[in-house]
Amino acid sequence: MLSVRAPPRAFSPSPPWRRRGRLDGFAAPRCVSAAPPVTTLETATARPAGVSFPILVNGCTGKMGVSVAEAATSRGLHLVPVSFSSRENLDKTIQIGDTDIEIYGPSAREDVLSSVIDEFPDVVVVDYTAPDSVNSNAELYCKLGVPFVMGTTGGDQQLLYKSVQDSKNYALISPQMGKQVVAFLAAMETIAEQFPGAFSGYRLEVLESHQAGKLDTSGTAKAVIACFEKLGAVFDMDRMVKIRDPEQQLYMVGVPEEHIDGHAFHLYHLTSPDDSVSFEFQHNVCGRSIYAEGSVDAAIFLYKKVQSMDPKRIYNMIDVLQEGDMR
Ligand SMILES: NC(=O)C1=CN([C@@H]2O[C@H](COP(=O)(O)OP(=O)(O)OC[C@H]3O[C@@H](n4cnc5c(N)ncnc54)[C@H](OP(=O)(O)O)[C@@H]3O)[C@@H](O)[C@H]2O)C=CC1
Ligand SMILES: O=C(O)C1=N[C@H](C(=O)O)C[C@H](O)C1
């Protein structure tokens with residue numbers, strides 16, 4: 001994870017994506033040609049969630065929506081057969097296991113969600129939609145008092161937290177649901193808290209690569225950068241290297257071809273003011289299963305908090321990890 005390089009003769013303080021044609025620093029994960037771990041009905045039976053409640057996954061026309069709905073079903077949760085879209089009159093159903101999910105447009109959102117809450121008072125919503133829907137969706141969940149997991153990144157994050165605080169609704173908000181990446185983020189937060197300024201004056205450079213359809217800058221990278229900034233590193237957000245071009249991902253970043261449509265590679269490079277020391281951190285994820293499983297962990301965690309009427313209302317994935325509730 002961490003590499004500290006002593007300055008050899010040919011030492012270059014530049015990050016690898018500036019030094020080489022191909023990003024050698026971006027070692028492809030070992031899952032390269034293996035299929036990502038899949039939770040099947042069989043494994044779900046072997047590993048029951050131990051708790052069951054209704055879960056509504058918003059954004060089932062999208063990739064994460066489908067993955068979370070599948071993971072929820074496999075873990076024995078009751079998938080509510082309703083989801084939403086930004087498009088009116090889509091007239092579409094999406095089949096997840098045995099459940100046909102009906103997709104409703106924006107004008108039906110409030111009425112349909114109210115009916116769902118009437119029918120399933122214990123429902124938890126998991127949101128994987130789009131950055132420009134984050135705030136309006138959260139406003140609606142808060143207005144109707146339905147607990148929600150916000151996996152969608154972007155939007156106005158300050159406003160998001162304010163909506164939840166003002167409404168006293170329960171919510172779990174995190175730009176990152178993958179257990180191991182959450183652990184890395186937790187470590188970064190701890191280091192930043194304990195040793196503020198330890199990297200004072202270091203230059204930070206960041207590269208993130210995601211599937212071409214990703215609309216926003218990595219929310220995870222932003223959270224990690226905030227920690228490096230607390231540690232004293234200097235970063236100019238405009239200089240973030242954001243790669244969405246499949247050719248570059250394949251030949252420069254080294255993303256396995258079968259994961260061009262679903263990957264999240266992150267590289268952070270720090271250089272000391274006198275160029276004598278450099279650090280590199282990276283986390284490279286292929287596929288979406290770690291987020292889908294983490295999202296179900298998050299929904300179960302939040303459900304338990306609601307049921308126990310915990311006075312704390314807003315959570316993140318570090319809370320879930322700290323309470324030992326991530327698989
Ligand atoms: N927290 C985490 O660990 C992770 C977070 N993410 C985040 O999740 C989000 C979704 O990612 P992904 O699934 O890959 O993206 P996709 O583009 O595949 O899916 C997003 C879906 O949201 C739908 N949508 C857009 N607006 C609305 C709305 N107002 N109401 C309901 N549905 C809407 C779109 O469908 P339509 O055209 O039908 O409206 C689209 O299909 C992104 O913000 C991404 O960064 C992704 C992976 C992990
Ligand atoms: O859109 C994605 O795919 C991802 N989004 C999240 C983010 O923006 O940090 C998490 C992960 O990078 C995958």
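Owing to the predicted nature of the structure, the values given are computational and were not obtained by experimental measurement.

**Focus on the packing of helix α4 (residues 109-119) against helix α5 (residues 134-144)**
- Relative orientation of the contacting elements α4 and α5 amounts to 40°, with a least axis distance of 11 Å. Here α5 runs oblique to α4, going by the angle between their axes. Both α4 and α5 take part in a crossing whose hand is right-handed. Within the contact between the two elements, α4 uses Arg109, Glu110, Leu113, Ser114 and Ile117 and α5 uses Ser136, Asn137, Leu140, Tyr141, Lys143 and Leu144.

**Things to note about the sheet that holds strand β2 (residues 54-58)**
- An order of β3-β2-β7-β8-β9-β14 is seen for the six strands of this open sheet, with the pairing classed as parallel. Each end of this open sheet is capped by a strand with a single partner; those strands are β3 (78-79) and β14 (314-315).
- Helix α3 (residues 63-74) contacts β2, β3 and β7 (124-127) of the sheet and is inclined by roughly 165° relative to β2.

**Here we look at the packing of aromatic side chains**
- Scanning the entire structure with this criterion turns up eleven aromatic pairs.
- Ring geometry for Phe301 and Tyr315: centres 5.2 Å apart, planes at 85°, overall edge-to-face. Within this pair, whereas Phe301 is found in helix α10 (residues 289-307), its partner Tyr315 is found in strand β14, the two being separated by 14 residues in sequence.
- Residue Phe301 is classed as buried on the basis of its relative accessible area of 1%.

About the cut-offs
- Residues numbered from 1 in each chain as written.
- Chains lettered and ligands numbered in written order.
- Predicted model: local features only at pLDDT ≥ 70, side-chain atom pairs only at ≥ 80, totals over all residues.
- Heavy atoms only, no water.
- Axes fitted to C-alpha atoms, helices over the stretch in contact; angles between N-to-C directions.
- Helix = DSSP H or I, 4+ residues; strand = E, 2+ residues; numbered from the N terminus.
- Parallel < 35°, antiparallel > 145°, perpendicular 65-115°, else oblique.
- Left-handed = near helix turned anticlockwise from the far one by under 90°.
- Contact = heavy atoms within 4.5 Å.
- Pairing = 2+ DSSP bridges.
- Phe/Tyr/Trp six-rings, centres within 6.5 Å; stacked < 30°, edge-to-face > 60°.
- Buried < 20%, exposed > 50% of the residue type's maximum accessible area, 1.4 Å probe, protein only.

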